[in-house]
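Breakdown of the fold
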Amino acid sequence: MDRRSLIKHAGIAGVLTAGVAPAVHAQAAIRWRLASSFPKALDTIYGAAEVFAKKVGEMSGGKFEISVHAGGELMPAFGVVDGVQEGTVQVAHTAPYYFFGKDDTFAMGTAIPFGLNSRQLTSWFYDGNGLKLFREFYDKYNIVNFPGGNTGAQMGGWYRNEIKSLDDMKGLKFRVGGFAGKVITRMGGVPQNIPGGEIYQALERGTIDAVEWVGPYDDEKLGFQKVAKNYYYPGWWEGGAQLDFYVNKAAYNGLSAENKAIVECAASHAHTTMQAMYDNRNPAALKRLVAGGVKVLPFPRPVMDEAFKQSMSLYTELSDTNPAWKKIYADYSNFRKDQNLWFRFTEAQFDRYMQAATL
């Protein structure tokens, strides 16, 4: 009797009794490195990469391990796209809009001024065309992208002096994340793109006049309130800032179907966890900041109106000159229009009522 016939007729017990060992294909252990664009001190935004890596390890039974490295450990914080593209690391965790210098289209992967909020952006990626369109865009960078967290709507930053009119924006040296600097420039400001780990020193030394980062919890950790006491809202350039996991295309394609599913699910888990952390921790941090003497102030309406006007004008110009931007923004802007119509009657109305109620 040949081996195949023996297995068919004897079953596993008979095979073992007969001393014929079944073939076992043990999957080799996988070891990846992840380069973050953020400092370890930020347990929310840097922590999302740790959540991702931990979940990959748990779901694979420890056979798929990812070591997480803070910005500057393996490569500069703004060098992670090159690192993934070239295969120096297998994965990065970053904010796509940091790389608008390569192509302005990157910015839509995180946030653009007066863009989608966090729920809308998640909806566009997971149930709209967002993920499909960006997969096509990133293909030329050898990257496979996965949503990797969202901060929710951000604050408008810390200012040494109050912003009372549009004139106060003129000449303002403002650390602002990536693409939003294009609008600040059109308003007369002087944007500065500085990694998170270097911002406090720049503000303390007076190299910059103002800085935006994320919101109360992270901002308090970085200590901006010690240098500037005027805290503005809203961050009109970041209505829902999304992070991404960038995976090297060859490394991803080399995974089994099971491990590809693990990466996808772990990224979704980190995506949800990160915003939950921000939503949970920001309220208490804001109370502490106010108790410490911080003034929380709204941007004047003329500043908001001018920012909106300049943003829409910029998007029209980019659509005329950048085919990649035009293709993705056309879908993005149509989705935003429908979402704002829907939210107007539901989320926004409910939120306004609840915020005015006595609880």
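Summarised in this report is the structure supplied together with it. All of these numbers come straight from a predicted model, not from anything done at the bench.

Rules used throughout
- As a convention, each chain's residues are numbered from 1 in the sequence order in which they are written.
- Whole-chain, interface and lining totals are the exception, using all residues; otherwise, since this is a predicted model, local features are given only for residues with pLDDT of at least 70 and side-chain atom pairs are given and counted only at 80 or more.
- Only hydrogens and water are set aside; all other atoms, that is, all heavy atoms of the structure, feed into the side-chain values.
- For two strands to be treated as a pair, DSSP must find no fewer than two bridges joining them.
- Each helix is a run of DSSP H or I of at least 4 residues and each strand a run of E of at least 2, with the numbering of both proceeding from the N terminus.
- In this description, a line fitted to the C-alpha atoms serves as the axis of each element, helices being fitted only across the stretch in contact, and the angle between N-to-C directions of two axes falls anywhere from 0 to 180 degrees.
- The contact criterion used throughout is that any non-hydrogen atoms of two residues lie within 4.5 Å.
- If an angle is under 35 degrees, it is roughly parallel; if it is over 145, roughly antiparallel; if it lies from 65 to 115, roughly perpendicular; otherwise it is oblique.
- We call a crossing left-handed when the near helix sits turned anticlockwise from the far one by less than a right angle, and right-handed when that turn is clockwise.
- Each residue is assigned to one of three groups, with Ala, Val, Leu, Ile, Met, Phe, Trp, Tyr, Cys and Pro labelled nonpolar, Asp, Glu, Lys and Arg labelled charged, and all others, Gly among them, labelled polar.
- In what follows, salt bridge is the name for a side-chain nitrogen of Lys or Arg lying within 4 Å of a carboxyl oxygen of Asp or Glu.
- Relative accessibility decides the category of a residue: with a 1.4 Å probe and only protein chains considered, values under 20% of the type maximum give buried, values over 50% give exposed, and everything between is partly exposed.

What follows covers the sheet that holds strand β4 (residues 143-150). As summarised here, the arrangement of the 5 strands in space is β2-β1-β3-β10-β4, forming an open sheet in which the pairing is mixed. The sheet is open, and its two borders are formed by β2 (64-69) and β4, each paired with just one other strand. Within this sheet the neighbouring strands show an average axis-to-axis angle of 25 degrees, counted without direction. Strand direction decides the pairing type here: β4 and strand β10 (residues 242-248), joined by 6 bridges, are antiparallel. When the bridges of β10 are listed, P147 appears paired with D244. Against the sheet, helix α5 (residues 130-138) touches β4 and β10, its axis set at about 135 degrees to β4.

Here the focus is the packing of helix α4 (residues 118-126) against helix α12 (residues 323-345). Running from N to C, α4 and α12 cross one another at 130 degrees; their axes reach a closest spacing of 11 Å. Here α4 is positioned oblique relative to α12, judged by the angle of their axes. The handedness of the crossing between α4 and α12 comes out as right-handed. Between α4 and α12, the contacting residues are R119, Q120, L121, S123 and W124 on the first element and I328, D331, Y332, F335, Q339, N340 and F343 on the second. Residues belonging to the contact of α4 with α12 are distributed by class as follows: 6 nonpolar, 4 polar and 2 charged.

As paired elements, strand β5 (residues 157-159) and strand β9 (residues 230-233) share 3 bridges and run antiparallel to each other. Bridge assignment links Y159 to a residue of β9, and that residue is N230. As defined by bridge partners, β9 adjoins strand β11 (residues 295-298) across 4 bridges and the pair is classed as parallel. By the bridge assignment for β11, Y232 is matched with L297.

Quick look at the pattern of salt bridges now. Side chains that differ in sign of charge can pair as their charged atoms come close. According to the stated counting rule, one finds 15 salt bridges in the structure shown. For K327, the salt bridge is made with E136, and the minimal N-O distance between the two is 3.0 Å. Residue K327 is found in helix α12, and its partner E136 is found in helix α5; the two are separated by 191 residues along the sequence. Judged by relative accessible area, E136 falls into the partly exposed class, the value being 38%. Notably, a salt bridge pairs E162 with K295, separated by 2.7 Å at the nearest N-O pair. One end of the pair, E162, is in the loop between β5 and β6 (173-175); the other, K295, is in strand β11, and 133 residues separate them in sequence. With relative accessibility at 38%, the residue K295 sits in the partly exposed group. One salt-bridge network, held together by shared partners, links K132, E136 and K327.

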